[in-house]
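As a plain string of letters, each chain reads:
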Amino acid sequence: MSGSSLEVRAGVCVRTPGAAMPVSLLWAVDVYGRVYSLSTAGQQWEHCRDALMEFKRVTAAQQCCWGIACDNNIYLNVHASDLSIRYQEETYENQRWNPVDGFSDRLLPSDRWQWSDITGLQHQPLDSFRLPSGSWEWEGDWFIDENFEGEPTEKGQGWTYSIDFPATYTKDKKWNSCVRRRRWLRYRRYKATDTWAKIPSQQSTLPDPFSDISCGGWELSEEPRGRLSLWAVSLQGKVWFREGIHHHNPEGSLWEEVSLPGEVVQISCGPGDLVWAVLWEGQLIVREGIGRDCPKGSSWVVVDSPSPDVGAIHVAVGMNVVWALTKDNKVWFRRGVNSHNPCGSGWINMVGEMLMISVGLNDQVWGIGCEDRAVYFRQGVTSSELSGKTWRVINVPRDGERSHSSASASSLQSAGCYFCGEVRGQSVASDVESDTEKGSTDGATGLVASDYPESLDAPADQTSDGPKPLIPKVTSDSFISELVSDRDSAKTAPSVLPEEDDVPGDGEVTAPSSGAALPQSQSGGPHDPQWSNVDLEEAQILQVQTGLVPESSDTCSLSSVATYTLAMEDQYGADEHPLWAWVSGGGCSVDTHSQLHWFNCSMNSSSLVQSVQSMSLSVSPAQTAAWRKQILEQLSERSKREMDNFRHYEQAIEQSVWVKKGCMQWWRDWKPHKWIDVQFALEQFTGPEGNKDGILFIYYNFCEEKKYLHAFINEITILVPVLNEAKHTFAVYTPERTKQRWPIRLAAATEQEMHDWLALLSVSCCDSRKIQGPPSKQAVWSITCKGDIFVSEPSPALEAMPYPTPCDQMFWRQVGGHLRVVECNSVGVVWGIGYDHTAWVYSGGYGGGFFQGLASSTDNIYTHTDVKSVYIYENQRWNPVTGYTSRGLPTDRYMWSDASGLHERTKTNTKPPSPQWTWVSDWAIDYGVSGGTDREGWQYAADFPASYHGYKTMKDFVRRRRWARKCKLTTTGPWQEIPPISLSDVTILPCATQSSSGVDVVPLWAISNKGDVLCRLGVTALTPAGTSWLHVGTDQPFKSISIGAASQVWAIAKDGSAFYRGSVSPQSPAGDSWYHIPSPAKQKLKQVSVGRTSVYAVDENGNLWYRQGVAPSYPQGSSWEHISNNVRKVSVGPLDQVWIIADKVQGSHGLSCGTVCHRLAVQPLTPKGQSWDYGIGGGWDHVTVRGNSMEPPRFRLPVLSQSVLQVKDVAVNGNAT
């Protein structure tokens, strides 16, 4: 026989010589846990009968398949090949020469072991070698390697000689050869091919079983051969990586835990460097830093769910594609994914609803339908069109079903039951009864209820009363699906997805198999045991309404013919339609030239055409009339339905539209990042009810193709001016952009043009959100590092549990003025401090700055000034001839630079921070530098950069001094100056009693810029500026102060120690004495904030501390507890809310410095909270929530939801987002 063939038996790939195309396998698991494989050259699912237990999930590569069985263990199925898996074990026998015995095993105490590895460091006797698992076997006994470097050794004994250990060995013995060694070899072979072998557990058992598994990474490197990356998810949401998987060790060596930003429910690994996972909250995370030398990667980046309202539940990745499913089973495609940008650029909603999805080789895609649980294949996927064109169901039988199905089809066809609904119903009933009898006698598939045949012939409006079939699900999948899925369980089940080209019409032309999809209540064959596995459960689904024909010949029409014709596609009967739970195409190779036989109709095409022709000749005039009448009714219903859906279309045309256009520059999103010229347009429209909204468009050219970027006005959360010396720039944030830490950055031609656009966009955003007038008393205030002031109106659900409003959705609007610090309370008293330490009080207005006209109030707007210093450094290096000079080494920093030394800053080229600032002084030496200076302002150090001091030593080879120049900003805002004392910090009692008169005194404490503690007298809601200062004595200068409920006053001294002020009350507003509070061990505190019952502090190293044991009877507390690191500032509100400015937060393009974060789950029983919610940033320097006293709405959840939806504490660190 000259030809060759390929066949697959029980999931084993068999290749015969001369095959036309390579064969690969598609793996799937049905709802009963049985594993099947489908060959690319095959036409039926092959059952892996060697699997002695049920499986939950599988993940495949070309050479193997991994699976999680229902006993929660990991199993491996390695495909047999012509080249067996052999591993060479080796050990070395070492001997030393002595004058008495010659060469013997009597070694010196300092020598290596008698039996060791090649280095001599590890003891390896022959009897110490063990097989890694039961899947290996020894091929023979130990033998001596008689060759050395390709040549035989002396007398074939394998000895090699050297002068000592370790040294260069030779095969010839010399006069000075004092030591010798020889190598012993033994081979072990992997024998568990084409069968499921259990992966041995490591010495320290894993804490909890695995719930998901994914393999890939074989494209990362060719060395070692056959290397794989295996990722797994445990039930506790942890991620594990399997080390050491390659051709000679297919099982791997050990599991290593991978750190996470949250709890993971599912993970997917592609053939290359793509690894995505789904968090419990519905977000996705992407692993970065994966490469040939680091297959585990280095960090995670968070990507938002495709739908802002519905979280993700499943993700699948390939080489350059990412597919995802949300909790409503919608399918999403991620565009722009590649090795350089593993996070991609955006989501595209695809047609169809799936339970899970899998990406294989060549980025081909498979999925399991949401309703029918059939396996679908994505057709049209090519390298140029990775998203494909349409879903197509894989319609092939399983092994052992063909003969029964063919007989059933031929018997039905010969019966001639084409028109009479009564006969058709009886035919179905007879089949059902026969199957029921078989189920009672031999254990084959049976029906759920004995009265089910009557329900098939019932009228359409009575189908809901019939019994519902039971579909068993794999426990792990069902558990997650029921928790996070919010889809309607009463959806109808289409036989194919709407994107399919051959979808039936709106009539009754539907396959009865979709309506009578009777699942197997027991295992599929007579030899299989009855299903009793405890890891599976049954979940009811509603019976699907299909082509139901009333028992009247007058109404029986051609629709019944079409129903039967399509029903022939399922020739094996509804009770045998496979219900799939999982599919894996990781090892399945399909390309555009593959000839697949997966979609063949089960019925012979010629017989189908012949039957249709015979049916057409038998149609009577009465049936034709009824058929036409039915079509007209359907067309009428469809027209009515479409008119209802578009009844508001005319009103949409009547809306007023206003467009403003301009030219700007845009900092493009992709690398290399650079400014490009764009067309900028704002389209505003007013709805029929007066609602205002708009869309922001950015038109740009890419590869000579015109494209655009857009943002809805009601989705914009903030518009921020950006500090830039060369351009007039501002940033546009949306919730999605906030999560990515990558806003839309735009630059205008002039400062006036930028201000005009900012004012226009701000007004449009406020109009769309119906925000007008001054900020409320409950507002949250914040300040950027540029000094711009922003305010946000909190929603009542901002602190609600367990579903608080995400703080990345908060809308911030700008208030005129320029400050460094702002503090407020719940009666509307707001104070601020400028960069020049001037104190300001909020006047009650809004707008100012670049806001003009209706965007700003006409009164309560005053001139606002601020002064700040700009610093540059003069650097010098010492040499023996001239001493300290400005001639440094080639590797030194610039001789005139900024503080980092990375940027050149001279007196002539250094400009004010922005065009709004003007110089008001000349350059002068600054003697107030930390660490001190000498008389000339110099600081000395051993090298750049290092720790500087104000005196010279013999080891100091470099020096620097700081120059300062003041610049001034003049603007307007709702602020009034409070002379004459300059302040560095201020605090206002956050829980003041709100009275209608507004004359209650509000305690206000402050610290002067010299470190003195002050108490402001006469502060009320009507006179927020107060009347006079009262000095509070201290024995050292202070730098931070905060007052909380019950007049608790805490302060931080400049040396980093904490103090508590005793006996503060309305009768004694200044208290009587200070009590020293020990700082955390080896830490110096820099800021403190006090709420209702909580006291938080931040140290100089960015650690956040919580004071334990604070009580009315013991207000000083007992000890400090560490909460988090990476914190700049903290603000504790009147309800003990905790907000911080995080120092560094990971974004999609890098670290973001200065981010507003909110502590979640802060409650009386859990005052420390549980996790962080990340808001606007970076570039933020201050936030205060001490005015937000709105109690959150309270509601109770079921016990299950409370136990499952607990969020673990994740510290705010550099890898967080």
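Residues numbered from 1 in each chain as written. Predicted model: local features only at pLDDT ≥ 70, side-chain atom pairs only at ≥ 80, totals over all residues. Heavy atoms only, no water.

To continue, consider the overall build of the chain. Looking only at helices and strands, the chain features twelve helices and 74 strands. Put simply, of all contacts in the chain between residues at least 6 apart along the chain, 59% involve residues at least 24 apart. Accessible area for the chain stands at about 56,200 Å²; split by element, carbon and sulfur atoms hold 51% of it. (Helix = DSSP H or I, 4+ residues; strand = E, 2+ residues; numbered from the N terminus. Contact = heavy atoms within 4.5 Å. Areas by Shrake-Rupley, 256 points an atom, 1.4 Å probe, with all protein chains shown as cover.)

Once that is clear, we can look at the side chain of Ser 24. Here Ser 24 shows up in the loop between β2 (12–15) and β3 (25–30). Classification of Ser 24 as buried rests on a relative accessible area of 6%. A polar side-chain atom of Ser 24 sits 2.7 Å from the main-chain amide nitrogen of Ser 589. For Ser 24, the residues in contact, after removing those within four places along its chain, are Leu 38, Ser 39, Thr 40, Gly 587, Cys 588 and Ser 589. (Buried < 20%, exposed > 50% of the residue type's maximum accessible area, 1.4 Å probe, protein only. Polar contact = N/O pair within 3.5 Å; in protein donor to acceptor, adjacent residues only side chain to side chain.)

Detailed reading of the predicted coordinates is not advisable wherever pLDDT is low. For the chain, the mean per-residue pLDDT works out to 78, and 77% of the residues sit at or above 70. In this model, residues 601–618 is a region of pLDDT below 50 whose contacts with residues beyond four sequence positions or in other chains number 22 contacts. Every residue in residues 1199–1217 is under pLDDT 50, and counting partners more than four places away or in other chains gives 55 contacts. (pLDDT = per-residue confidence, 0-100.)

Enumeration according to the criterion identifies 30 salt bridges in this entry. The partner of Lys 739 in a salt bridge is Asp 808, with the nearest N and O atoms 2.7 Å apart. Residue Lys 739 is found in helix α10 (residues 735–740), and its partner Asp 808 is found in the loop between β45 (789–792) and β46 (812–815); the two are separated by 69 residues along the sequence. This pair shows no difference in class: Lys 739 is buried, exactly as Asp 808 is. The closest approach of N and O atoms between Arg 961 and Glu 874, which form a salt bridge, is 2.8 Å. (Salt bridge = Lys/Arg side-chain N within 4 Å of Asp/Glu carboxyl O.)

This structure, assessed with the given rule, holds 44 aromatic pairs. Seen from their ring centres, Trp 666 and Trp 670 are 5.8 Å apart, and the 75 degrees between their planes marks the pair as edge-to-face. When its relative accessible area of 1% is taken as the criterion, Trp 666 is described as buried. Plain terms: the ring middles of Tyr 699 and Tyr 708 are 6.1 Å apart, the flat faces sit at 45 degrees to each other, and that makes the pair tilted. Among the residues examined, Tyr 708 registers a relative accessible area of 49% and is labelled partly exposed. Within the aromatic cluster, the residues linked to one another by ring pairs are Trp 27, Phe 55, Tyr 75 and Trp 196. The side chain of Lys 660 reaches across the aromatic face of Trp 757, ending 5.2 Å from its centre. (Phe/Tyr/Trp six-rings, centres within 6.5 Å; stacked < 30°, edge-to-face > 60°. Lys NZ or Arg CZ within 6 Å of the ring centre and 35° of its normal.)

This paragraph deals with the environment of Gly 388. Mapped onto the elements, Gly 388 comes out in the loop between β32 (375–379) and β33 (390–393). Here Gly 388 falls in the buried class, since its relative accessible area comes to 7%. Taking the C-alpha atoms as reference, Gly 388 lies 10.0 Å from Phe 377; in sequence the two are eleven residues apart. The contact partners of Gly 388, leaving out residues within four places of it in the chain, are Arg 378, Gln 379, Gly 380 and Val 381.

A surface patch of nonpolar side chains, amounting to about 350 Å² of accessible area, comprises Trp 627, Ile 631, Leu 632 and Leu 635. Counting through the fold element by element, Leu 635 comes out in helix α8 (residues 621–645). (Patch = residues over 30% accessible without salt bridge, like charges linked within 9 Å, V, L, I, M, F, W, Y side chains within 5 Å.)

With respect to the helices and strands, Ser 795 occurs in the loop between β45 and β46. Of the residues examined, Ser 795 reaches a relative accessible area of 27% and is grouped as partly exposed. For the pair formed by Ser 795 and Ala 779, sequence separation is 16 residues and the distance between their alpha carbons is 9.6 Å. Ignoring any residue separated from it by four or fewer positions in sequence, one finds Ser 795 in contact with Thr 805 and Met 1190. Within the structure, Ser 795 has its side chain in polar contact with the side chain of Thr 805 (distance 3.2 Å).

Here the amide bond leading from Lys 671 into Pro 672 is cis, since omega sits at -5 degrees, within 30 degrees of zero. Within the secondary structure layout, Pro 672 lies in the loop between β37 (656–667) and β38 (675–686). In this model, Gly 1177 is joined to Gly 1178 through a cis peptide bond whose omega is 0 degrees. Phi angles above zero are rare outside glycine, and Asn 860 is one such case at about 60 degrees. Counting through the fold element by element, Asn 860 comes out in the loop between β49 (839–842) and β50 (862–879). Owing to a relative accessible area of 28%, Asn 860 belongs among the partly exposed residues under this scheme.

Right, let's get into empty space enclosed by the protein. In this structure the tally under the stated criterion is eight cavities of 30 Å³ or more. In this structure, the second largest cavity encloses a volume near 230 Å³. As for the second largest cavity, its lining consists of 28 residues, of which Thr 59, Ser 214, Ser 268, Ser 358 and Ser 584 are closest to the centre. At the level of elements, β6 (55–60), β19 (210–216), β23 (264–269), β27 (312–317), β30 (346–359) and β36 (580–584) are the ones that each hand at least two residues to the lining of the second largest cavity. Residues of the lining of the second largest cavity, tallied by class, amount to 17 nonpolar, ten polar and one charged. (1 Å grid on protein atoms, 1.4 Å probe; cavity = no way out; pocket = protein on both sides within 12 Å on 5 of 7 lines; lining within 4 Å. Points joined across faces, edges and corners; volume = space filled by probe spheres on them. Nonpolar A, V, L, I, M, F, W, Y, C, P; charged D, E, K, R; others polar.)

Across the sheet, which stays open at both edges, the four strands sit in the order β46-β45-β44-β74 with antiparallel pairing between neighbours. Each edge of the open sheet is held by one strand with a lone partner, namely β46 and β74 (1180–1184). Put simply, the sheet's adjacent strands are angled 30 degrees from each other on average, direction ignored. Pairing of strand β44 (residues 780–784) with β45, which is carried by four bridges, proceeds in the antiparallel orientation. Its bridge partner lying in β45, Ser 782 is registered against Phe 790. (Pairing = 2+ DSSP bridges. Axes fitted to C-alpha atoms, helices over the stretch in contact; angles between N-to-C directions.)

If you trace the four strands from one edge of the open sheet to the other, you get β66-β67-β68-β69, paired in antiparallel fashion. The open sheet has two edge strands with one neighbour each: β66 (1085–1090) and β69 (1119–1124). Across the sheet, the mean angle separating the axes of adjacent strands is 30 degrees when strand polarity is ignored. Here three bridges tie strand β67 (residues 1095–1099) to strand β68 (residues 1104–1108), and the two strands are oriented antiparallel to one another. Considered in β68, the bridge of Val 1098 is made with Leu 1104.

Before going further, it helps to spend a moment on the environment of Ser 826. Here Ser 826 is to be found in the loop between β47 (821–824) and β48 (830–833). The class of Ser 826 is buried, set by a relative accessible area of 2%.

Another aspect to go through is the nonpolar core. Judged by nonpolar contacts, the single largest core of 34 residues is most densely connected at Leu 26, Trp 27, Trp 45, Trp 196, Trp 366, Ile 394 and Trp 598. For this core, the secondary-structure elements that each account for two or more residues are β3, β4 (35–39), β6, β7 (64–69), β30, β31 (365–369), β32 and β36. Ranked by the residues each element gives to this core, the list is headed by β3, at five residues. Judged by nonpolar contacts, the second largest core, of 30 residues, contains Ile 698, Ile 713, Ile 716 and Cys 765. (Core = buried A, V, L, I, M, F, W, Y, C linked by side-chain atoms within 4.5 Å.)

The element strand β59 (residues 1004–1008) is largely enclosed, with a buried count of five among its five residues. On β59, burial covers both faces: Leu 1004, Ala 1006 and Ser 1008 on one face and Trp 1005 and Ile 1007 on the other are all buried. With five bridges joining them, strand β58 (residues 983–988) and β59 adopt antiparallel strand pairing. Among the inter-strand pairings, Val 986 is bridged to a residue of β59, identified as Ala 1006. Examined bridge by bridge, β59 and strand β60 (residues 1013–1017) share four bridges and lie antiparallel to one another. Its bridge partner lying in β60, Ile 1007 is registered against Val 1013. Counting the residues between successive antiparallel strands, the hairpin from β59 to β60 contains four residues, one of them, Gly 1011, with a positive phi of roughly 100 degrees.

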